[in-house]
Amino acid sequence: MTTTHEYDVVVVGAGTSGCYAAATIAREGLDVVIVERKTADEAGHIACGDALKGANAFPDAIPKSQIEPAFTNTGVDHGRFEIPQEDTVLDIPIPGELAVIDRWEYGRRLIDGAENAGVEFHYDTVVQDVTQNDDGRVTGVRAKRNGDVVEYEADVTVDGAGSLSILQDKTDFSGTTFDTNVSYSQFCSAYREIVEVEEPVEWSDALVFKPAEVAAGYIWYFPRTETTINAGLGFQMTEEPMKLVDDLKRDLRARPEFKNATVSDKLGAALPTRRPYDSAVAPGFVAVGDAAGHVNPTTGGGIAGAAYAGKYAGEQAVRAISDGDVSEEALWHYNERVMDHFGGRYAGLDIYNILSTAVDVDELMGLMARLPGEKLAEALYSGTTSFGPKLIAQTAKESYGFWSEIYQFYKTKNVADDLMRHYERYPRRPGALEGWKAERDRIMDHAYEVTGADPKY
Ligand SMILES: Cc1cc2nc3c(=O)[nH]c(=O)nc-3n(C[C@H](O)[C@H](O)[C@H](O)COP(=O)(O)OP(=O)(O)OC[C@H]3O[C@@H](n4cnc5c(N)ncnc54)[C@H](O)[C@@H]3O)c2cc1C
């Protein structure tokens, strides 16, 4: 049996990006449904480190007051980098507002917020295919619910289905600008446990990071409360795979604060650690959040990007539908807003991620241990920092033995700056994308030369 539903917009995925996109659209009075594969009870239960950056300024389609009760720790103001190789702990300030959250509660509150805005939810519905008309315009999706086929017809389809979205495997993007240069090696595999400890931890005001034994991998301990810790780890898929569960267990056992601890929840998933898609639109189709690479590639933080991408996609879909034109050209401004807000910065940060895959983990840690915390904070969040010969002069004694690494970091930073400047010139129309990409790829070739890394794209 096949059931067919008609909406103005169908959104796939009840995560952050899908909920913000749909709430934005519903608030403008359009008919919008979120199709979610999980049950109503499980929806919102998503693998995460639970660190919500930029918690002060979320889009208002789902107001902060709606999600704030899920903020269980708002007292975190710095990162604590443990570098066992150097017997050092670095305290690095975290700019802006940060909350550690009860992720499932946050997910449920997001869904309630979208429902309050007028969004319909269809749970237990697994999207398996995308429908397109003869001109290639996406006209909706085909899904399965309890063994039955359910079809959704819509003017615009929003792909908020997360990393490695099946919708993109099923869509024929030929003749469009949609970025299909996507491979596993641009993702990180990550796993986390929620661990209850007997005594309050001493570092409940910090996000704790520690390098994993492979380069470009790290372990984290994020305090949801003084006694509930999100403990997790991840590695770049270009590296030898880590045994995530065993490696985490080994580290937990070695830490006295986790003696007699119990585990209340376990989840793992892939997350993009790459630049944002060059274009995340095709006729009748927009990708948002993890489905379009909207994650800070150095920290793995993707909640804020997903929320804003959802807002921008929702606003553009509303405009396109009310103008009666859902072509790529009509949806294009969404790409521009993403690149302008955070996309260019994330593309710049990707260069540091590329560097981290090419250098030896001990060298990287040795370098980190010798640098002032605020320089590292800048590099982690803003995509640029004042690195270079001046820093070598200022820290000559501390950084002795690491000058060539600092110089390499300096050259890398210059390429990242170049790249971010280029993203400021992101094209205003689809026709200009190819020329813009050619220049961007020239900068990327320089990045591979400077870092010694294999090409990522
Ligand atoms: C282990 C881990 C730790 C992380 N830690 C942090 C952190 O501390 N801070 C931070 O900001 N970010 C973190 N992230 C990244 C963050 O979780 C994501 O960037 C964010 O959740 C992206 O939101 P999204 O809405 O795009 O996708 P998701 O949250 O993944 O939502 C996608 C939704 O689509 C549904 N779906 C998928 N396929 C289908 C289908 N075929 N049919 C129907 N529904 C479907 C899924 O069930 C899901 O509900 C972490 C990620 C991982 C994996």
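Residues numbered from 1 in each chain as written. Predicted model: local features only at pLDDT ≥ 70, side-chain atom pairs only at ≥ 80, totals over all residues. Heavy atoms only, no water.

Novice: So what's going on with helix 8 (residues 333–358)? Residues and values would help.
Specialist: The end-to-end C-alpha distance of helix 8 is 35 Å, a good match for the 38 Å that 26 residues give at a rise of 1.5 Å each. Within helix 8, the axis deviates most sharply at Met 339, by approximately 60°. By the criterion of burial, helix 8 is predominantly enclosed, with 19 of the 26 residues buried. (Helix = DSSP H or I, 4+ residues; strand = E, 2+ residues; numbered from the N terminus. Expected span 1.5 Å × (residues − 1). Bend = angle between axes of the 7 residues up to and from the residue. Buried < 20%, exposed > 50% of the residue type's maximum accessible area, 1.4 Å probe, protein only.)

Novice: Talk me through the site of the ligand; I want residue IDs and the actual numbers.
Specialist: In the vicinity of the ligand there are 36 residues, among which Ser 17, Glu 36, Gly 49, Ala 51 and Asp 290 approach most closely. A distance of 2.6 Å separates an oxygen atom of the ligand from a polar side-chain atom of Glu 36. Contact between the ligand and Asp 290: an oxygen atom at 2.6 Å from a side-chain N or O atom of the residue. Protein coverage of the free-state accessible area of the ligand, which is 1000 Å², stands at 93%. Mapped by element, the contributors of at least two residues to the shell around the ligand are helix 1 (16–27), strand 9 (126–132), strand 16 (262–272) and helix 6 (303–323). Of the residues contributing to the shell around the ligand, the split by class is 18 nonpolar, twelve polar and six charged. (Near = heavy atom within 4 Å. Polar contact = N/O pair within 3.5 Å; in protein donor to acceptor, adjacent residues only side chain to side chain. Areas by Shrake-Rupley, 256 points an atom, 1.4 Å probe, with all protein chains shown as cover. Nonpolar A, V, L, I, M, F, W, Y, C, P; charged D, E, K, R; others polar.)

Novice: Mind laying out helix 1, listing which residues take part and the relevant values?
Specialist: Its twelve residues give helix 1 an end-to-end C-alpha distance of 16 Å, which sits within 8% of 16 Å, the value for a rise of 1.5 Å per residue. The element helix 1 is largely enclosed, with a buried count of eleven among its twelve residues. Residues Thr 16, Ser 17, Gly 18, Cys 19, Tyr 20, Ala 21, Ala 22, Ala 23, Thr 24, Ile 25 and Ala 26 constitute the buried set of helix 1.

Novice: Which residues make up the pairing of strand 9, and what are the values?
Specialist: As judged from the six bridges shared by strand 9 and strand 10 (residues 138–145), these two strands associate in the antiparallel manner. Of the residues in strand 10, the one forming a bridge with Val 126 is Lys 144. What sits between the antiparallel neighbours strand 9 and strand 10 is a turn of five residues, in which Gly 136 has the positive phi angle 95°. (Pairing = 2+ DSSP bridges.)

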